[in-house]
Structures are given as structure tokens and as C-alpha cells.
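Residues per chain, in single letters:
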Amino acid sequence: MKAAFADQQMRHEPKTFLVSGAPQPSPEQSERATRLLKGAEAAGLERVEPEDHGLDAIARVHTPEYIAFLSTIHERWSRIDGASEEVIPNIHPDRRGGSYPASAVGQAGYHQADTACPIGPHSWESIYWSAMSAAEAATCVLEGDLWSYALCRPPGHHAFKDLAGGFCFVNNCGVAAEMLRMACDRVAILDVDLHAGNGTQGCFYDRADVLTVSIHADPVRYYPFFWGYADERGEGAGLGYNYNLPIPRGTADDDYMPHLDLALKRIEAFAPDALVIALGLDAYEGDPFAGLAISTQGFARIAEKIGKLKLPAVLVQEGGYLSDDLGPNLTSFLTGFGDAHGG
Ligand code: ZN
């Protein structure tokens, strides 16, 4: 099985991260990718460089305004006298009307939901190639692989069609799902990251062809705070096609499994042709975010249950932050998945 990753994904190196208002180093460091790549190789996956699948792959998910913003904003921001090194919004509109600001500062507020998605000089290059890794992994499955893994970094599941947030810019799961949709009538996305997959939910909220399911720490006291509740079920044609399972902080392996079973039953009821897994490893008991308490072995158990669906699957890397076990946790998940799924 293949693991798609491009060296260009290492160039985004965000500096700023506010924790309860206090500046801290960003946990979304390129070192994550180094460790995850080792973890994928330890599971026996073969690294492949993604081809350039073109802006088309991203434009199926995101608005042209937003893509133009992501690809040009750093250069425009840098021309402002006294501007910060990274693009960080200082305005957060709580409602956005029909107007679209012309200024770089206004647009940063429009397109960046929080301060955890700073844009530096090389960010767009990494964002673009992270999306290409998702497109590549989806292409592997379209061409006959049973499953594949995309080492997407920066991650994507907090990114909406026109909004970055929480380390995420382009919704890589969305990119993979739209690629799969070219050959599949129905695609399910299962998000097992510690945090609610709010951006993925938002991208497909009014659609019946892509089921979005997310198991995550209850947002009532946890990021992303404003999304991820059980009563968010979709809208319009998509009503009934979004399924959120908020679970208590600190949930460990045994207590996690019944929630996973519910998620998998819902996916089976959707009868999808393919599955995208938003593979966050920050549900780990030793992750710096300390939200849930999944063990290294627990990731294998989760993966086995999902693998038993035997659906063509694209595993897309989401969160999971620096600890000695980041690589081994990925190895555990991929090995468990491969054992149950085959391939
Ligand atoms: Zn996360």
C-alpha cells in the first residue's frame, strides 16, 4: 500500500499559536511529518511522491475567492508597512454579509476563523501539495488499490469551503472525497480526530452524496466550540447526512468502541462505494492536547473495526502532535487497518 507525501509539505512552518490568549509555539510543526512518514514506513507502506493533479482538485471543494486568497495573501500582506511576518487576522466578523473586503486585512478576517492558521511565505506551497497528496491517494484507490494513505500536512478537517481554522487551510478529506466521487455514487467520510471535523461537515452539509460522520471530544468545552454537536444533522438535501458523536473528555479505548460501532452502523446504512478516514491521532492518551485517552493499541482496535467494512478507503492524516509515540501510533493504526481490510 502507498503513502503519498511531497517534500514541499515541509515548508509551511507556522510560528504563532495562542493558548488561552498566551502566545505559544505552534504544535503543527514539520517534524510531525518526519515522524509520521517513519510510522507509515514501519507499517510497510511505500512512499510515493504525488503527481500534480492541478488546482482543479482543490477547486472542486473551495471557492475561487478563497483559493485566490490563500495563494496570494502572504505577498499582499507583506507589502503593508509594519505588518507581521505571518498573516494573522485581527478582525473576526461574527456574520458575513454579501460584501467582500478589498483589503488584505479585511480578507484575512473573512477567510481565517481563528488565529491558529497563520500563513507564512511558504504556506501555500505546502497547502497545495498536502492537497495533492490527498488527490494522489484517492487516485491510487480509483486505479485499483484497496486502500491508501495520504500524509497530509498541513491538515484539513477544520477548513470550510471559504474558511481556514485550527491549523487547516484546504480540506484534504474533501479533496479525496471529490476525487472518489468521479467514480463512486456515494462516499462516506469518517473523522476519528480528537476534534470535531467541522470544516468537512460544512463542505458537505447540504449534500446527500457524501455522508460525514465525526467522533470527537464534546465541543461544549473544547475546540472548535461552535460545531460538532449531535443536533447538527445536515440541511436541505443533506438533512440526515451528517452524524456527530460528541463524547466525554478523557474517554479511553473500551468506552470509545460503542461510539465507533454507532458510527460504523450509520456508514453501513449509507451503503457507500468508498470511505475516506480523517485520521487524527490526537485522540492519543499522551498527545499534548490531552483531550481523549486512546492508547497505541487502541488505535489498532479502532482501525480493525473500520477495516472490517472492507470498503475502498483513503486514509487522510489530520491531527496528532509531537510525542515519542506519534509515529508508533500511526504504525499501529495502519497495521490494524491492513490486517482487517486486506492488502
Ligand atoms: Zn485534532
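Basis of the calculations
- Along each chain, residues carry numbers from 1 onward, in the same order as the chain's sequence is written.
- Where totals are concerned, whole chains, interfaces and linings use all residues; where local detail is concerned, this predicted model gives features only for residues with pLDDT of at least 70, and gives and counts side-chain atom pairs only at 80 or more.
- Hydrogens and water are ignored here; the side-chain numbers use all heavy atoms of the structure.
- Here the term donor refers to an N, O or S atom within 2.8 Å of the metal (or 3.2 Å for Na, K and Ca), and because water is left out of the atoms, sites may appear incomplete.
- Helix and strand definitions here come from DSSP, where helices need a minimum of 4 consecutive H or I residues and strands a minimum of 2 consecutive E residues; each element is numbered from the N-terminal end.
- Remark: exposure states derive from per-residue accessible area (1.4 Å probe, protein chains only) relative to the maximum for the residue type, with buried under 20%, exposed over 50%, and partly exposed in between.
- We treat two strands as partners when DSSP finds at least two bridges between them.
- Note on definitions: angles span 0 to 180 degrees between N-to-C directions of axes, and those axes are lines fitted to C-alpha atoms, for helices only across the stretch in contact.
- In this description, contact between two residues means that some pair of their heavy atoms is separated by no more than 4.5 Å.

Caption draft 1: Structural context of the coordination of the zinc ion. Of the protein atoms, only Asp193 (OD), His195 (ND1) and Asp282 (OD) coordinate the zinc ion, at distances of 2.0 to 2.1 Å. Donor residues for the zinc ion, ordered by position in the chain, follow D-x1-H-x86-D. Linking histidine 195 in the loop between strand S6 (187-191) and helix H7 (198-203) with aspartate 282 in the loop between strand S9 (274-279) and helix H9 (296-307), this pair joins segments that are 87 residues apart in sequence. Of the two residues, histidine 195 and aspartate 282, both sit in the buried class.

Caption draft 2: Structural detail: the pairing of strand S2 (residues 16-19). Relative to strand S3 (residues 22-25), S2 runs antiparallel, the two being bridged by 4 bridges. When the sheet's bridge partners are listed, threonine 16 is paired in S3 with proline 25. Connecting S2 to the next strand, S3, in antiparallel fashion are 2 residues, including serine 20 with a positive phi near 50°.

Caption draft 3: Representation of the sheet that holds S9 in the model. Across the sheet, 8 strands lie side by side as S4-S1-S5-S10-S9-S6-S7-S8; this open sheet has parallel pairing. Where the open sheet ends on each side, the last strands, each with one partner, are strand S4 (46-48) and strand S8 (242-247). Sheet twist, expressed as the average angle between the axes of neighbouring strands with direction ignored, equals 20°. Relative to S9, S6 runs parallel, the two being bridged by 5 bridges. By the bridge assignment for S9, leucine 190 is matched with isoleucine 277. The strands touched by helix H6 (residues 172-181) within the sheet are S6, strand S7 (210-217), S9 and strand S10 (313-317), with S9 carrying the most contacts at an inclination of about 170°. Of the strands in this sheet, strand S5 (147-150), S9 and S10 are in contact with helix H10 (residues 326-341), which crosses S5 at around 165°.

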